[in-house]
Number of protein chains: 2
Amino acid sequence: MADKKLVEAITSMEEDFAQWYTDIVKKAELIDYTSVKGCMVIRPAGYAIWELIQADLDRRFKETGVKNVYLPMFIPESLLNKEKDHVEGFAPEVAWVTHGGLEPLQERLCVRPTSETLFCDYYKNVVHSYRDLPQVCNQWCSVVRWEKETRPFLRSREFLWQEGHTAHATAEEAEERTRQMLNVYADFLEQTLAIPAIKGRKTDKEKFAGAVATYTVEALMHDGKALQSGTSHNFGDGFAQAFGVQFTDKDNTLKYVHQTSWGMTTRLIGAVIMVHGDDSGLKLPPAVAPTQVMIIPIQQKKEGVLDKAYEMRDRLAKAAGGTIRVQVDDSDKSPGWKFSEQEMRGIPMRIEIGPKDMEAGKCVIARRDTGEKIEVNDANLEPTVEKLLVTIQDDMLEAARKHRDAHTYVAHDYDEFKQIFGEKAGFVKAMWCGDVECENRIKEDLSVTSRCMPFEQEQISDKCVCCGKPAKHMVYWGRAY
Amino acid sequence: MADKKLVEAITSMEEDFAQWYTDIVKKAELIDYTSVKGCMVIRPAGYAIWELIQADLDRRFKETGVKNVYLPMFIPESLLNKEKDHVEGFAPEVAWVTHGGLEPLQERLCVRPTSETLFCDYYKNVVHSYRDLPQVCNQWCSVVRWEKETRPFLRSREFLWQEGHTAHATAEEAEERTRQMLNVYADFLEQTLAIPAIKGRKTDKEKFAGAVATYTVEALMHDGKALQSGTSHNFGDGFAQAFGVQFTDKDNTLKYVHQTSWGMTTRLIGAVIMVHGDDSGLKLPPAVAPTQVMIIPIQQKKEGVLDKAYEMRDRLAKAAGGTIRVQVDDSDKSPGWKFSEQEMRGIPMRIEIGPKDMEAGKCVIARRDTGEKIEVNDANLEPTVEKLLVTIQDDMLEAARKHRDAHTYVAHDYDEFKQIFGEKAGFVKAMWCGDVECENRIKEDLSVTSRCMPFEQEQISDKCVCCGKPAKHMVYWGRAY
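Parameters at a glance
Residues numbered from 1 in each chain as written. Chains lettered and ligands numbered in written order. Predicted model: local features only at pLDDT ≥ 70, side-chain atom pairs only at ≥ 80, totals over all residues. Heavy atoms only, no water. Least-squares fit on C-alpha atoms with pLDDT ≥ 70 in both. Contact = heavy atoms within 4.5 Å. Buried < 20%, exposed > 50% of the residue type's maximum accessible area, 1.4 Å probe, protein only. Helix = DSSP H or I, 4+ residues; strand = E, 2+ residues; numbered from the N terminus. Pairing = 2+ DSSP bridges. Axes fitted to C-alpha atoms, helices over the stretch in contact; angles between N-to-C directions. Parallel < 35°, antiparallel > 145°, perpendicular 65-115°, else oblique. Left-handed = near helix turned anticlockwise from the far one by under 90°. Salt bridge = Lys/Arg side-chain N within 4 Å of Asp/Glu carboxyl O. Buried area = accessible area lost by both parts, 1.4 Å probe. Polar contact = N/O pair within 3.5 Å; in protein donor to acceptor, adjacent residues only side chain to side chain. Nonpolar A, V, L, I, M, F, W, Y, C, P; charged D, E, K, R; others polar.

Asker: What exactly am I supposed to notice about the relation of the copies chain A and chain B here?
Answerer: To go from the first copy of the chain to the second, apply a rotation about an axis and then a shift along the same axis. Between chain A and chain B, which share one sequence, the superposing operator has a rotation angle of 180 degrees and an axial displacement of 0.0 Å; the RMSD is 0.0 Å. The superposition operator between the copies reduces to a two-fold rotation axis. Nearest to the rotation axis, the C-alpha of valine 97 of chain A is located 2.1 Å from it, this being the minimum over chain A. In this assembly, 100% of the residues forming the interface of chain A have copies in chain B that are likewise at the interface, indicating an isologous arrangement.

Take a look at the structure:
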């Protein structure tokens, strides 16, 4: 039995989802608040998840030819100002450095909110001929956006991310790269974070400042709200024209490059919490669980119990090509308390081993995702754990998909649309005429935004759900983080 | 034969070492200059070296129980001001954020030059009892110091580093951790970067702002100047007192924690350039070479040559447990040009394969470190390359050690001391009385600083090399970057 004290320390998710979320990030020791308003400490348990996310994404990037670089964290004001839409989008929320040491700066510098302008400045220097293309770079860094309301992982003044920036000889190649990276993101969400993703295109109202097209992967959280989980932008040659990034093509004429950018952030950790967690705490998919298996000895002071636990740990650590991340909780806490901690921290699997199990040549495995308990013969330990980690990963994706599908609705007209958003929380699929006025009205009436025009379109009706004029696109609508 | 054009593009190191260095970082495409004064772009070829450094150091850290975290990049002015020595050391060189979005901030924030103050703030929150100790954290991030004169990698306004910060229950444990991390640094320098290190303690004049003791690893560059390559600081309980970081010990009394910090930076890439490079370009030790082996086909348009090159690549990629980083240069450049590029980029080994070699069932391996050429039977390719990579790594360390030892001198009195620094460049071992006045005079007379009091002391004489009073320590002196 898990100890109740630790569990009772967190608010039930049905009662108050926002408070439940805040309790989880604190009690699972993912973050700590700081003296710096709107910024957080990512603690070891949180950062270890980010390291696994980084390693997995970075491998996927490199398989497509991406190379990592590092550009300055500062952008001179004159550089930020070069692309009109971009500066309008970001200037209201940047932090400004005005003094270096004891001297005022001649030109103030903003702390990068994103690095399109710096990459243009760099590509302008290194791209001269078609032989220098494509440039396919990425950087892992932190960025700053001076948000008024902040929440751990989901919205903070500083956050960690990766930002890919590419330059291509043709529009077609840029479009291809934009979609390729969106697919990398969708695969990563599903295969690694066990989060099913809706792939689609943002409306003009919701697209990135300066982009021709923004593609997005949208996920549904447990409370029925949407989370934009990654975006990929095609800039055409707009930035290249503003910054003068040109190359001599094979035909000996001077052309502008076509550019893209794409990013994912530490908000993914928020997504993992809100898609998979429950009232006992975090639930980590095995692929991003810093500890996948926690062995908890029962009556550990009895002779041989701890030794048996260590032996099992050593066997598991050697199995599956050394890929299983396993620990023994040999602290002096009670087993019940240890169970609660393992559940709170989201460790996917617990192995209970005590004198009775040892006598019977068995142990008990408890799955964090389903709560199921499985008795395992000692001789079958390694293959059982290895297989079960795969099963848990798959089942968590399946559970998330079922939840999303059960909370995805269809609306044919505005009454139905309003009724659904009045009574339920989730995605609503409905048709749209393409006019921003309808988006504005829907936002005003219901605090609902267009999440994306999915690549997989369905013909729900002929008419816009809002104005009744002829429909152009099916849109996923939702309330979003 | 290597092509002369690329080589002639760089200044000879004997002629102008500083210009040679600048040429290397540009021609090997490690960095690019930016519109942001004093900041640089670390390009793919440079960043890939940093990724290998990070992976190696991170593994060594984790083996000693270090956990990674992320703290904010901003420090409120009031927090920076809490420890007197520390703020005096850093305040003159920090960048200040004064505006967030369109509003002036109530309190200005500095961009972290180092994070002792933030870690104290964090540990104050999470350390309550002896059970919460030790805290052994590290972060990989960038920091900003508003330097007036900058040089790529060696001194820039923003640079990448790791900063470890620990808190302990006792003074002994803190001292042990400080020295443990210095040993990690020394082992890393020798085993991975092939740079021999002098381990020692900084004098009070040269120690870190706020530290009780600073330990350092000092390396000698090719031009005879010293480079401080990593430092490890013991803070005692000074920061804990300033920030109120206390815990309840086993005896139920309230005590201050004892703290350490330790860091290495991207200047290590500068060290690799300046220890190993030559007039043909960079020379990378195999352990940090993104590409270790470049296969260059000769007469690649002749039938079978490229196929043979790819076959060799695939065989090498599979050998040695998949650890050999190998590529084929199949571009349409001339072999001579490819040789020059491979040499400029510092790739440790080149394999030449052409029709004549194929006929003879052989290939030619050229070592970047010694220039030696070795004929190898095709059947012996994998074991030869695997073994040779180890040999090159070892030989590069040995060559650097010989160079350092040949440029380390002994001075018994001030005349001899001045004569050596007048005629030669290198380390000088000489005795010191312990007074800062002598350090100041030596700096004024010769622009020479005390690099460290090495752990391995020698009794060169009884008297201070400067003032002639009784000597307390042997010191390594040098001109430093």
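Asker: Can you help me understand the pairing of strand β9 (residues 198-201) of chain A in this one?
Answerer: Remember that side chains alternate between the two faces of the sheet whenever the strand is regular. Residue and element names in this part refer to chain A. Residues Ile198 and Gly200 of β9 are buried on one face, while the alternating residues Lys199 and Arg201, pointing to the opposite face, are not. In terms of strand pairing, β9 meets strand β22 (residues 449-454) through 2 bridges, oriented antiparallel. Opposite glycine 200, over in β22, you have proline 454 as the bridge partner.

Asker: Looking at this structure, how should I read unusual backbone geometry?
Answerer: A cis amide bond links leucine 133 of chain A with the next residue in sequence, proline 134 of chain A, at an omega value of -5 degrees. Within the secondary structure layout, proline 134 of chain A lies in the loop between α6 (116-126) and β7 (135-144). The phi dihedral of phenylalanine 153 of chain A is positive, around 70 degrees, even though this residue is not glycine. Among the secondary structure elements, phenylalanine 153 of chain A is positioned in the loop between β7 and β8 (158-168). Look at glutamate 29 of chain B: it is not a glycine, yet its phi comes out positive at around 60 degrees. Judged by relative accessible area, which is 43%, glutamate 29 of chain B ranks as partly exposed.

Asker: Where do I start with the packing of helix α2 (residues 17-27) of chain B against helix α9 (residues 267-276) of chain B in this structure?
Answerer: Think of two packed helices as two axes; the pair is described by the angle between the axes and how far apart they sit. Residues and elements named next belong to chain B. One way to put it is that α2 packs onto α9 with a least axis distance of 11 Å and a crossing angle of 120 degrees. Classed by the angle they form, the pair α2 and α9 counts as oblique. Two packed elements cross with a definite hand, and for α2 against α9 that hand is right-handed. Judged by residue contacts, Phe17, Trp20, Tyr21, Ile24 and Val25 of α2 engage Gly270, Ile273 and Met274 from α9.

Asker: What is the right way to look at the pattern of salt bridges in this model?
Answerer: Opposite charge on two side chains permits pairing when their charged atoms draw close. All names here are of chain A. Inspection of every chain in the model, using the stated rule, returns 74 salt bridges over all chains. As a salt-bridge pair, glutamate 382 and arginine 315 come within 3.1 Å of each other at their nearest N and O atoms. Taken as a pair, glutamate 382 in helix α13 (residues 381-406) and arginine 315 in helix α10 (residues 305-318) lie far apart in primary sequence, 67 residues in all. Each of the salt bridges in this network shares a partner with another, and the network as a whole consists of Lys308, Glu311, Arg315, Asp378 and Glu382.

Asker: Even after reading the chapter, I still don't get the interface of chain A and chain B, so can you show me in this structure?
Answerer: Accessible area lost upon the coming together of the parts is a frequently used measure of interface size. In this complex, chain A contributes 54 residues to the contact, which on the side of chain B involves 54 residues. For the pair chain A and chain B, the summed buried surface comes to about 4,300 Å²; carbon and sulfur atoms form 62% of the total. Together, Tyr70, Met73 and Trp146 of chain A form the three largest contributors to the area buried by chain A at its contact with chain B, with a combined 14%. On the surface where chain A and chain B come into contact, there are 4 salt bridges. For glutamate 51 of chain A, the salt bridge goes to lysine 62 of chain B, with nearest N and O atoms at 3.0 Å. Seen at the junction of chain A and chain B, the total is 25 residue pairs in polar contact (both at pLDDT 80 or more). With 6 residues, strand β5 (residues 95-100) of chain A is the single largest residue contributor to the side of chain A that touches chain B. For the side of chain A that touches chain B, the per-class residue count stands at 33 nonpolar, 9 polar and 12 charged. Of the pairings in the sheet, the one linking β5 of chain A to strand β5 (residues 95-100) of chain B comprises 5 bridges and is antiparallel in character.

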